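Spelled out from the first residue to the last, the chains are:
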Amino acid sequence: MKRFDCMIALARRLSDELVILSLGASVDEWYNAAPHMREASLFQQQLGCVTPQAFGLAAGLPHRRIVSLDTDGGMMFNLGILATIGNEQPKNLFIVVWDNECYQSIGGPPTHTASGRVDIAAIARGAGLARAYTACTVEEFDAHCAEGLAAQEPYLIVAKVAGTVQPDIRRKHSDGREDKYIFVRHVERTEGIVIMGPSEHN
């Protein structure tokens with residue numbers, strides 16, 4: 001199945017959630033699939049940091065649903081986060097792992113999941129996430145999205161997607177620094193809190 005089709009299915013189910021997503025081609029795909037979530041999405045620039053950041057948000061904002069859009073390569077960089085989530089059991093954390101079995105943004109060398117022996121959902125279950133599944137069709141994925149976004153425990157879907165990029169889509173027209181401020185100001189506005197106050201130089 002195509003990652004972009006899955007993103008469209010997920011985006012239809014989102015309204016006031018906060019989303020953290022990985023670098024690479026998935027950034028432009030999400031930018032196009034979920035325009036209504038633009039301000040609520042933080043485009044992370046480092047492998048291994050997406051789900052940990054989402055966990056931090058879930059812990060800090062326990063009343064709000066947090067969505068992690070991670071990758072197989074990113075998750076393999078920091079499998080320890082699954083043990084942390086398994087121990088802490090955040091009720092509001094929904095994790096998607098786009099598993100295309102390759103490091104797409106650097107030319108496509110295989111990740112460990114390409115061997116057929118490494119199963120991220122099984123690793124997650126072993127770490128204490130009872131609701132960890134693999135989806136191979138858009139219909140399966142969408143059904144898990146419905147369950148996961150309503151769950152009162154951490155929920156993880158490994159979405160087995162093709163190693164292709166949706167053609168002819170708009171590029172995200174902002175850099176990482178601008179994205180950070182867009183996201184933070186959205187959280188401040190919707191939560192009624194101050195995260196980054198006035199600079200002492202103002």
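Since this is a predicted model, take the numbers as computed values, not measurements.

Reading the values: rules and limits
Think of each chain on its own: its residues are numbered from 1, step by step along the sequence as written. Given that the model is predicted, a residue must reach a pLDDT of at least 70 before its local features are reported, and side-chain atom pairs must reach 80 or more before they are shown or counted; all residues, however, enter totals for whole chains, interfaces and linings. Note that water and hydrogens are dropped before the side-chain values are worked out from all heavy atoms of the structure. Counting from the N terminus, the helices are DSSP H or I runs at least four residues long and the strands are E runs at least two residues long. Each residue's exposure class comes from its accessible area (1.4 Å probe, protein chains only) as a fraction of the maximum for that residue type: buried when under 20%, exposed when over 50%, partly exposed otherwise. Contacts: residue pairs with any heavy atoms within 4.5 Å of one another. Residues scored as positive are Lys and Arg, those scored as negative are Asp and Glu, and His as well as the terminal groups of each chain are ignored. For this purpose, a charge sits on NZ of Lys, CZ of Arg, CG of Asp or CD of Glu. Strand pairing is assigned whenever DSSP identifies at least 2 bridges connecting the two strands. Interaxial angles span 0 to 180 degrees and are taken between N-to-C directions of axes, which are lines fitted to C-alpha atoms, for helices over the stretch in contact. Polar contact is the term for a pair of N or O atoms within 3.5 Å; when the atoms are in protein, one must be able to donate a hydrogen and the other to accept it, and sequence-neighboring residues count only if both atoms are side-chain atoms. Salt bridges are defined as contacts in which a side-chain nitrogen from Lys or Arg sits within 4 Å of a carboxyl oxygen from Asp or Glu.

Draft legend 1. Up close: the overall build of the chain. A count of helical and extended segments in the chain gives eight helices and six strands. Its helices and strands taken in sequence order, the chain reads α-β-α-β-α-β-α-α-β-α-β-α-β-α from the N to the C terminus. The dimensions of the chain, computed from C-alpha atoms along their principal axes, are 55 × 40 × 30 Å. Looking at the chain as a whole, 48% of its 202 residues qualify as buried. For the chain, restricting intrachain contacts to residue pairs at least 6 apart in sequence, the fraction spanning at least 24 positions comes to 71%. Charge centroids of the chain, computed over 19 positive and 24 negative side chains, lie 2 Å from each other.

Draft legend 2. How the structure looks around the sheet that holds strand β6 (residues 155-160). Here we have six strands laid out as an open sheet, ordered β2-β1-β3-β4-β6-β5, and parallel in their pairing. For this open sheet the edge positions go to β2 (41-43) and β5 (131-135), each flanked by a neighbour on one side alone. Neighbouring strand axes in the sheet, compared pairwise and without regard to direction, differ in orientation by 15° on average. With four bridges connecting them, strand β1 (residues 18-21) and strand β3 (residues 66-71) associate as parallel partners. Along β3, the bridge assignment pairs Leu18 with Ile66.

Draft legend 3. The arrangement of the pairing of strand β4 (residues 93-99) in detail. For β4, the tally of buried residues reaches seven of seven residues, placing the bulk of the element in the interior. Residues Leu93, Ile95, Val97 and Asp99 line one face of β4 and the alternating positions Phe94, Val96 and Trp98 line the opposite face, and both faces are buried. Of the pairings in the sheet, the one linking β3 to β4 comprises six bridges and is parallel in character. Within β4, the residue paired with Val67 across the bridge is Phe94. In this sheet, β6 lies alongside β4 in parallel orientation, the contact comprising six bridges. Paired with Asp99 across the two strands is Lys160, which belongs to β6.

Draft legend 4. Representation of the environment of Phe183. One can find Phe183 in helix α8 (residues 176-191). We classify Phe183 as buried; its relative accessible area is 6%. Along the chain, Phe183 and Arg38 lie 145 residues apart, while their C-alpha atoms are 8.3 Å from each other. Apart from the residues lying within four places of it in its own chain, the contact partners of Phe183 are Leu18, Val19, Ile20, Glu39, Ala40, Ser41, Leu42 and Leu57.

Draft legend 5. Region of the structure containing the side chain of Glu188. You can see Glu188 is positioned in helix α8. The buried category is assigned to Glu188, whose relative accessible area is 11%. A polar atom in the side chain of Glu188 sits 2.9 Å from the backbone nitrogen of Met196. Apart from the residues lying within four places of it in its own chain, the contact partners of Glu188 are Ile193, Val194, Ile195 and Met196.

Draft legend 6. Geometry of the pattern of salt bridges. Applying the stated criterion to the full structure yields twelve salt bridges. Glu39 is the partner of Arg189 in a salt bridge, and the nearest nitrogen-oxygen pair spans 2.6 Å. Taken together, the residues Arg189 in helix α8 and Glu39 in the loop between α2 (25-33) and β2 connect sequence positions 150 residues apart. Classification of Arg189 by relative accessible area gives exposed; the value is 52%. One salt-bridge network, held together by shared partners, links Arg38, Lys172 and Asp179.

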